[in-house]
Amino acid sequence: EIPLRLVGSEMCIRDRNYYLFEMMGAAHSQLGSLHVGSEVVINGRVLHVSEIMYGVKNDGTGLEVVSNKLAQHSAGWQTCEQACYNSTLTVWFAD
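This report concerns the structure included in the present document. (Residues numbered from 1 in each chain as written. Predicted model: local features only at pLDDT ≥ 70, side-chain atom pairs only at ≥ 80, totals over all residues. Heavy atoms only, no water.)

1. Details of the environment of L47
Reasoning step 1: Along the polypeptide, L47 turns up in strand β5 (residues 45-57).
Reasoning step 2: Separated by 10 residues in the primary sequence, L47 and G37 have C-alpha atoms spaced 9.1 Å apart.
Reasoning step 3: When neighbours within four sequence positions are excluded, L47 is seen to be in contact with S38, E39, V40, I42, S74, A75, A94 and D95. (Helix = DSSP H or I, 4+ residues; strand = E, 2+ residues; numbered from the N terminus. Contact = heavy atoms within 4.5 Å.)

2. A closer look at the environment of A27
Reasoning step 1: Along the chain, A27 falls in helix α1 (residues 26-31).
Reasoning step 2: Looking at A27, the relative accessible area reads 3%, which means it is buried.
Reasoning step 3: For the pair A27 and T79, spaced 52 residues apart in sequence, the C-alpha separation works out to 9.4 Å. (Buried < 20%, exposed > 50% of the residue type's maximum accessible area, 1.4 Å probe, protein only.)

3. Considering helix α2 (residues 60-70)
Reasoning step 1: Along α2, the positions that sit buried rather than exposed are G62, V66 and L70. What you see down the axis of α2 is that its buried residues fit within an arc of 70 degrees, all on one side. Counted as exposed and oriented over 90 degrees from the buried face of α2: T61 and E64. (Arc of directions from axis to C-beta.)

Here is the structure:
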């Protein structure tokens, strides 16, 4: 279980159901250990990772893919593999 509420200093809320975690923070390495089925607590709600997308382009097309997927899930979050446009993202979704 990773209670995301405890790592708030390392995240920013991009949307009421979508979070961005800093690449260099402790949360980034903890999130990397999550797999489908892992339990997470977001704002007191217990959810389970239902999908993980690796290598998502950090550009307009990637944003569209993530937005469409987020509409199908209760929450999502991302980490950046590099801090630049056109890098790749890992994106988790939970229900």
